[in-house]
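Chain residues, written in single-letter form:
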Amino acid sequence: MKVNELTQYPEFTCVNESALSDKEIECGYVGDLLSWVMGNADAGCAWVTIQTHVNIVAVAVLVEMSCIIIPELAELEEETVVKATEEGIPIFQTPKNAFEICAWLGAQGIK
Amino acid sequence: MGYNMTFDVESGDFATAGQASRKIKKKLQDLGISSKIIRRIAIAGYEGEMNLAIHSDGGQILLDAEPGVITLRLEDTGPGIGNVDLAMTEGWSTASDSVREMGFGAGMGLPNMRNNADGFEITSRPGVGTKIKMTFDL
Ligand SMILES: Nc1ncnc2c1ncn2[C@@H]1O[C@H](COP(=O)(O)OP(=O)(O)O)[C@@H](O)[C@H]1O
Ligand SMILES: [Mg+2]
């Protein structure tokens with residue numbers, strides 16, 4: 001699935017549509033400990049995290065993630081959205097929890 | 001090649017931390033270095049940058065790109081590390097609760113740096129400061 005195709009699903013809202021592209025979501029990763037994520041997440045992943053501060057953008061850029069998905073409609077800091085837009089990292093919000101997001105992505109064929 | 005850059009990192013500056021690693025990454029991309037090596041340098045650089053912001057009184061990141069090897073140095077002016085072996089242990093951290101809530105303080109930064117670099121040297125003196133030298137073979 002491509003990142004911009006995620007917008008077709010009403011339960012996923014992209015907060016910075018100008019950052020969207022047809023970059024492929026290659027895989028998924030879940031985690032909130034930034035060092036752990038940086039050490040282990042693969043490039044091209046969709047990253048599910050409850051962290052919402054601006055440093056998640058730095059992690060996503062350095063790892064070359066395809067997008068960030070924020071579960072349970074956790075509130076994003078404005079600074080994070082601005083930075084993510086600047087850096088071309090799409091961020092999605094969803095009412096689903098982290099487990100449900102992963103199960104859903106898995107059902108779409110993302111491994 | 002033969003290229004170098006220096007970045008200042010202020011103590012407590014979480015919001016802009018990551019900036020130096022991003023600039024280093026862009027520069028290395030311009031130099032045509034392989035993306036696998038860039039990723040390792042970027043991860044090590046970001047861990048170092050965050051440590052300067054979180055744990056140090058402020059410091060610098062120095063990048064040196066030469067034919068065959070990239071060197072990344074982190075130098076700060078204190079407070080230094082009392083027990084470097086302990087600090088190098090995975091999971092060991094003195095980060096505050098507020099820093100942990102942000103997802104830092106897993107105690108994996110120094111081990112991540114060592115694992116990503118081909119060469120890793122750390123020297124630290126309490127009251128003086130910490131110096132880390134990482135090399136990446138091209
Ligand atoms: N530049 C530094 N100055 C002083 N102490 C440091 C520095 N870098 C690391 N430390 C100490 O080493 C510990 C482990 O560092 P690290 O492995 O990066 O884990 P973390 O940053 O998650 O605590 C830190 O908690 C801190 O006590
Ligand atoms: Mg650290």
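This section reports on the structure supplied with the text. (Residues numbered from 1 in each chain as written. Chains lettered and ligands numbered in written order. Predicted model: local features only at pLDDT ≥ 70, side-chain atom pairs only at ≥ 80, totals over all residues. Heavy atoms only, no water.)

## Observations concerning the site of ligand 1
All names here are of chain B.
Okay, step 1: Taken together, the neighbourhood of ligand 1 is formed by 17 residues, with His55, Asp76, Ser93, Thr94 and Gly107 sitting nearest.
Okay, step 2: The separation between an oxygen atom of ligand 1 and a polar main-chain atom of glycine 105 is 3.3 Å.
Okay, step 3: For ligand 1, an oxygen atom lies 2.8 Å from a polar atom in the backbone of glycine 107.
Okay, step 4: For ligand 1, the accessible surface in isolation is 540 Å², of which the surrounding protein chains cover 94%.
Okay, step 5: In this structure the site holding ligand 1 corresponds to the largest pocket.
Okay, step 6: At the level of elements, α2 (35–55) and α5 (109–116) are the ones that each hand at least two residues to the shell around ligand 1.
Okay, step 7: Looking at which element gives the most residues to the shell around ligand 1, the answer is α5, with three residues.
Okay, step 8: Along the lines of polarity and charge, the residues of the shell around ligand 1 split into seven nonpolar, nine polar and one charged. (Near = heavy atom within 4 Å. Polar contact = N/O pair within 3.5 Å; in protein donor to acceptor, adjacent residues only side chain to side chain. Areas by Shrake-Rupley, 256 points an atom, 1.4 Å probe, with all protein chains shown as cover. 1 Å grid on protein atoms, 1.4 Å probe; cavity = no way out; pocket = protein on both sides within 12 Å on 5 of 7 lines; lining within 4 Å. Sits in = over half its atoms within 2 Å of the grid points. Helix = DSSP H or I, 4+ residues; strand = E, 2+ residues; numbered from the N terminus. Nonpolar A, V, L, I, M, F, W, Y, C, P; charged D, E, K, R; others polar.)

## Section: the nonpolar core
Okay, step 1: Membership of the largest hydrophobic core comes to 62 residues, with the highest contact counts inside it found for Trp47(A), Val59(A), Met65(A), Ile61(B), Met134(B) and Phe136(B).
Okay, step 2: Counting residues per element, this core draws most heavily on α2(B), which supplies ten residues.
Okay, step 3: Met1(A), Ile69(A), Phe92(A) and Leu105(A) belong to the second largest nonpolar core, which has 15 residues in total. (Core = buried A, V, L, I, M, F, W, Y, C linked by side-chain atoms within 4.5 Å. Buried < 20%, exposed > 50% of the residue type's maximum accessible area, 1.4 Å probe, protein only.)

## Comments concerning the interface of chain B and chain A
Okay, step 1: Across the contact, 24 residues belong to chain B and 24 residues belong to chain A.
Okay, step 2: Counting the surface lost from both chain B and chain A, the interface buries some 1,900 Å², and carbon and sulfur atoms represent 53% of this.
Okay, step 3: Of all residues in chain B, the largest losses of buried area upon contact with chain A belong to Arg22(B), Arg39(B) and Tyr46(B), amounting jointly to 32% of the total for that side.
Okay, step 4: The tally of links from chain B across to chain A stands at twelve residue pairs in polar contact (both at pLDDT 80 or more).
Okay, step 5: A per-class count over the side of chain B that touches chain A returns eleven nonpolar, seven polar and six charged. (Contact = heavy atoms within 4.5 Å. Buried area = accessible area lost by both parts, 1.4 Å probe.)

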